[in-house]
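# Observations on the three-dimensional arrangement
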Amino acid sequence: MVEHVVVIGAGVYGAAVTASLTRRGARVTVVDAGAPASGTSGATFSWTNSCGKQPRIYHDLSVASMRAHRRLAAEVPFSDWYHEGGNLEWADDDEREELRKKVAGVLDYGYEARWLSRAEALSLEPDLDPAALPADGIAYFPREGWIDPTRLIGHLLSSAVSRGAELVRDDPVTGLESAAGLVRAVRLASGRQLAADAVVNCAGPQAAGIAEFAGLVLPMRNTRGVLIHTSPVAVSVSRVIHAPHVHLRPDGAGRLLLHSPETDGAAYVTATGEVGVERSAVTGVLEAASALYPGIRAAAVEGVRVGERPIPGDGLPVLGRAVELPNFHFAVSHSGATLSVHAGDLVAAEVLGEDLGEALAAFRFERF
Ligand SMILES: Cc1cc2nc3c(=O)[nH]c(=O)nc-3n(C[C@H](O)[C@H](O)[C@H](O)COP(=O)(O)OP(=O)(O)OC[C@H]3O[C@@H](n4cnc5c(N)ncnc54)[C@H](O)[C@@H]3O)c2cc1C
């Protein structure tokens, strides 16, 4: 019987798995090498979507995950982490056909999407420069939005701690003890050893290292992304915007979060391990955002963060128990801001003995 579960990592996945396990009555210790939300979940664009996710089973998991966010936010008073304002997306001439195909594909799956004219987009985002928009062909996905992962993690962990979970911070996992085909204990850098009936690997970009402690090889192809946080600025940006050279969304208290895939390559790591970003790339993204919303010219860059996307080898989530080591479980994926509340709940159910055979079949570790 599973009495004590050790969850490794306190990002969105670790927090979601821990909250679900405690809701289901388990005793949980969640361990992080640093502070909760100090990993990728603290440096992410966190757009909630299933926009172009393939194959169909991954799309469906993402849609169910969007519903789970909506449900959780409706249940919890002051759930200020959840913002379902929709997403506007348009493309340059050379990308327009790809956007058209994406919209046709999601409509075919029954996902909400529609085409807007410039005037309709301006009625949603009146501070956009009309000259920056095409006359039509602007895709609108009304059920998408964004979350504030740090606030979500704070809520999930505090509700878990109030149900008896222990949160261990600043104490990296350094090894696992296994015997007779099961994990028996988790070793921490402090020297503490946690006896475990089950272990859940929620270590995000470091998940391969934790799997290695269990003798399992998890292929990962992580990538870095650059996120630019502006100062508060009195510009009406009310939703997620995907324009040709810049993506942006509100970031709370008048701040905006900017990202451009074209700038991700400007992140570098020095010989001493410090992560930096070329200054010209940051200026370029701010200029691209100002070209869309002229009012952004009044904003300064308050912070630049580099996040590491935890991407399993084939791009799909890795969820559920390892057949070879049946009390060792995975909750690892890109798009974790979208997926974690729902996928973490499925993983927690399986940890405690529910049969999730069909729901998790496409996402099992064994496919590698
Ligand atoms: C630039 C960028 C943009 C993104 N945009 C989106 C988006 O728009 N929508 C979306 O849904 N997703 C997006 N993502 C992905 C999403 O942010 C991640 O999938 C998600 O945050 C991963 O959460 P996690 O809990 O798995 O990992 P993390 O948040 O990294 O948490 C893992 C935790 O494990 C801890 N840990 C690691 N090793 C150990 C150890 N040995 N012992 C103890 N603890 C350990 C770390 O300290 C960390 O706190 C984006 C990511 C990036 C980088």
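Computed from a prediction, not measured in an experiment: that's the story for all the values here.

## Remarks on the overall build of the protein
- In terms of helices and strands, the protein carries nine helices and 22 strands.
- Whereas a compact globule of 368 residues would reach a radius of gyration of roughly 21 Å, the protein reaches 21 Å, a difference of no more than 12%.
- Counting only C-alpha atoms and orienting by the principal axes, one finds that the protein spans roughly 65 × 45 × 40 Å.
- Among the 368 residues that make up the protein, the fraction classed as buried is 54%.
- Long-range pairs, those at least 24 residues apart, make up 71% of the contacts in the protein with a sequence separation of at least 6.

## Details of the domain arrangement of the protein
- When cut into domains, the protein gives domain 1 (4–64 + 149–221 + 313–367) and domain 2 (223–309).
- With eleven residues of domain 1 in contact, the opposing surface of domain 2 contributes 14 residues.
- For the pair domain 1 and domain 2, the summed buried surface comes to about 990 Å²; carbon and sulfur atoms form 64% of the total.
- Of all residues in domain 1, A43, F45 and W47 give up the largest surface area on contact with domain 2, accounting jointly for 52% of the area buried on that side.
- Our count for the domain 1 to domain 2 interface comes out at zero salt bridges.
- At the junction of domain 1 and domain 2, the tally comes to four residue pairs in polar contact (both at pLDDT 80 or more).
- Of the residues in the side of domain 1 that touches domain 2, the class split is four nonpolar, six polar and one charged.

## Considering the side chain of E89
- Among the structural elements, E89 can be located in strand 5 (residues 87–89).
- Take E89: its relative accessible area is 14%, and that puts it in the buried class.
- Setting aside residues no more than four positions away along its own chain, E89 makes contact with C51, L99, K102, G137, I138, A139, F141 and H242.

## A few points about the side chain of H342
- Tracing the sequence through the fold places H342 in helix 8 (residues 336–351).
- A relative accessible area of 17% means that H342 is categorised as buried.
- Beyond its immediate stretch of four places on either side in the chain, H342 contacts L61, A64, S65 and A68.

## Observations concerning the site of the ligand
- Taken together, 38 residues surround the ligand, and among them D32, S41, T44, V173 and G336 come closest.
- At 3.4 Å, a backbone N or O of S46 approaches an oxygen atom of the ligand.
- At 2.9 Å, a backbone N or O of S333 approaches an oxygen atom of the ligand.

## A word on the packing of helix 1 (residues 12–23) against helix 8
- Interaxial distance between helix 1 and helix 8 falls to 8 Å at its minimum, and their mutual angle equals 40 degrees. Here helix 8 runs oblique to helix 1, going by the angle between their axes. For helix 1 against helix 8, the interelement crossing comes out right-handed. Side by side, helix 1 and helix 8 meet where V12, Y13, A16, V17, S20, L21 and R23 of the first sit next to G336, A337, L339, S340, V341, A343, G344, D345, A348 and V351 of the second.

## Focus on the sheet that holds strand 12 (residues 193–195)
- On the basis of which strands lie adjacent, the open sheet formed by three strands has the order 10-11-12 and antiparallel pairing. Looking along the sheet, the strands with just one partner apiece sit at the ends: strand 10 (173–179) and strand 12. The mean inter-strand angle of the sheet, taken between neighbouring strand axes irrespective of direction, is 25 degrees.
- Looking at chain direction, strand 10 and strand 11 (residues 182–188) are connected through six bridges and run antiparallel. Paired with A179 across the bridge in strand 11 is L182.

## Focus on the packing of helix 2 (residues 56–75) against helix 8
- In contact at an axis separation of 7 Å, helix 2 and helix 8 are set at 90 degrees when each is read in the N-to-C sense. Here helix 8 runs roughly perpendicular to helix 2, going by the angle between their axes. Contact residues: helix 2 offers Y58, L61, S62, A64, S65, M66, A68, H69 and L72, while helix 8 offers A337, T338, L339, V341, H342 and L346.
- Classifying every residue of the contact of helix 2 with helix 8 by side-chain character gives ten nonpolar, five polar and no charged.

How each quantity is defined
- Residues numbered from 1 in each chain as written.
- Predicted model: local features only at pLDDT ≥ 70, side-chain atom pairs only at ≥ 80, totals over all residues.
- Heavy atoms only, no water.
- Helix = DSSP H or I, 4+ residues; strand = E, 2+ residues; numbered from the N terminus.
- Rg over C-alpha atoms; globule rule 2.2 N^0.38 Å.
- Buried < 20%, exposed > 50% of the residue type's maximum accessible area, 1.4 Å probe, protein only.
- Contact = heavy atoms within 4.5 Å.
- Domains from an automatic or database assignment.
- Buried area = accessible area lost by both parts, 1.4 Å probe.
- Salt bridge = Lys/Arg side-chain N within 4 Å of Asp/Glu carboxyl O.
- Polar contact = N/O pair within 3.5 Å; in protein donor to acceptor, adjacent residues only side chain to side chain.
- Nonpolar A, V, L, I, M, F, W, Y, C, P; charged D, E, K, R; others polar.
- Near = heavy atom within 4 Å.
- Axes fitted to C-alpha atoms, helices over the stretch in contact; angles between N-to-C directions.
- Parallel < 35°, antiparallel > 145°, perpendicular 65-115°, else oblique.
- Left-handed = near helix turned anticlockwise from the far one by under 90°.
- Pairing = 2+ DSSP bridges.

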